[in-house]
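Spelled out, the chains give:
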Amino acid sequence: MTTRAGFIALIGEPNAGKSTLLNRMVGAKVSIVTHKVQTTRARIRGVAMEGDAQLVFVDTPGLFKPRRRLDRAMVAAAWGGAADADIIVLMVEAHRGITEGVERILDGLSEIAQGRKVALAINKIDRVEAPALLSLTRDLNDRFPFAETFMISAEKGHGVEDLRAWLAQHLPEGPWLYPEDQIADLPLRMIAAEITREKLTLRLHQELPYQLTVETENWEERKDGSAKIDQVIYVMRDGHKGIVLGKRGETIKAVSQAARAELEEFLDRKVHLFLQVKVRPNWLEEAERYSEMGLDFKDGNA
Ligand SMILES: Nc1nc2c(ncn2[C@@H]2O[C@H](COP(=O)(O)OP(=O)(O)OP(=O)(O)O)[C@@H](O)[C@H]2O)c(=O)[nH]1
Ligand SMILES: [Mg+2]
């Protein structure tokens, strides 16, 4: 049997639907998704099988103009993911078209592509009419020599099978990189922290989600089969702590309940989740916070 295997980097602007597509390809939620930009902070690998091919999808942080150290580290992680991949899939939102951000990505892509196959996935086609898609496809292909264009809805599933089949055909021949039943390459404690961060991001407004981070401090397997998970939410100011806790602790309680429910489903067992909020004014400048997130602190150097 000839097997195929390789890495497929999903890149695009924040909110393009990269994590949604990764989860759909894998058939499980391994990367968090929100309606807000800059949700994904590090590279997240998800594994999918298609016939004799093993597709290792690499979800990356969105590409945007970085301002802070964290932003720079995220953008570096995204370009690094693309540079290491066998195939790159650029995701563009159908209804937004060629934005300034997309233009910048196309410029960067020309530099790093170097003979690598790059496919275009126009996502969220459920939001536009067909004629608009044709002209967008033409305009994008005029700007970059994409190997193939796909029109998809990562959320609804349209076109995803065709993309998967094409990717499987174009991966290099070689042995599988992960056991056949593995779906993610991310420590459980990190997935658990990401789930909590998703619930926080969904409930908190404006800049706050971008000024906090979540870490799993302790994970204890109990004799009764349950897991006791302790997590810390680092915020930058006292006032932020108050907002995260909410009136009479209502916000943190809701976050904790939602995160625990999802963790129980993911782990398929009972979970005791304990969240603690700590004020850490300088966490954005602490190397340890970056390694916990799976980012390289030095990538954030200005
Ligand atoms: N209508 C529609 N919405 C979609 C589709 N795919 C993703 N979305 C929504 O777009 C939003 C962003 O999706 P994500 O998967 O988090 O996007 P992302 O590219 O990973 O974003 P970052 O991690 O911030 O870079 C979410 O609200 C998704 O539900 C789609 O095909 N159609
Ligand atoms: Mg994402």
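What counts, and where the lines are drawn
- Residues numbered from 1 in each chain as written.
- Chains lettered and ligands numbered in written order.
- Predicted model: local features only at pLDDT ≥ 70, side-chain atom pairs only at ≥ 80, totals over all residues.
- Heavy atoms only, no water.
- Helix = DSSP H or I, 4+ residues; strand = E, 2+ residues; numbered from the N terminus.
- Rg over C-alpha atoms; globule rule 2.2 N^0.38 Å.
- Buried < 20%, exposed > 50% of the residue type's maximum accessible area, 1.4 Å probe, protein only.
- Contact = heavy atoms within 4.5 Å.
- Areas by Shrake-Rupley, 256 points an atom, 1.4 Å probe, with all protein chains shown as cover.
- Lys, Arg positive; Asp, Glu negative; His and termini not counted.
- Charge placed at Lys NZ, Arg CZ, Asp CG, Glu CD.
- Near = heavy atom within 4 Å.
- Polar contact = N/O pair within 3.5 Å; in protein donor to acceptor, adjacent residues only side chain to side chain.
- 1 Å grid on protein atoms, 1.4 Å probe; cavity = no way out; pocket = protein on both sides within 12 Å on 5 of 7 lines; lining within 4 Å.
- Sits in = over half its atoms within 2 Å of the grid points.
- Nonpolar A, V, L, I, M, F, W, Y, C, P; charged D, E, K, R; others polar.

A. Spatial organisation of the overall build of the protein chain. When its secondary structure is counted, the protein chain shows nine helices and 10 strands. For a compact globule of 302 residues, the expected C-alpha radius of gyration is about 19 Å, and the protein chain comes in at 20 Å, within 12% of that figure. A principal-axis box enclosing the C-alpha atoms of the protein chain has dimensions of 55 × 45 × 40 Å. Across the 302 residues that make up the protein chain, the buried fraction comes to 53%. Pairs at least 24 apart in sequence give 72% of the contacts found in the protein chain among residues at least 6 apart. Carbon and sulfur atoms make up 47% of the accessible area of the protein chain, which totals about 14,000 Å². Positive and negative side-chain charges of the protein chain, numbering 42 and 45 respectively, have mean locations separated by a distance of 7 Å.

B. Representation of the site of ligand 1 in the model. Close contacts around ligand 1 come from 23 residues, with K18, T20, Q38, T39 and E155 the closest. One of the backbone N or O atoms of A16 is found 3.1 Å from an oxygen atom in ligand 1. One of the side-chain nitrogen or oxygen atoms of T20 is found 2.6 Å away from an oxygen atom of ligand 1. For ligand 1, whose accessible area on its own is 650 Å², the fraction buried by protein is 91%. When atoms are counted within 2 Å of each cavity's grid points, the one that captures over half of ligand 1 is the largest pocket. Looking at the shell around ligand 1, the element that brings in the most residues is helix α1 (residues 18-26), giving three residues. The class makeup of the residues in the shell around ligand 1 is five nonpolar, 12 polar and six charged.

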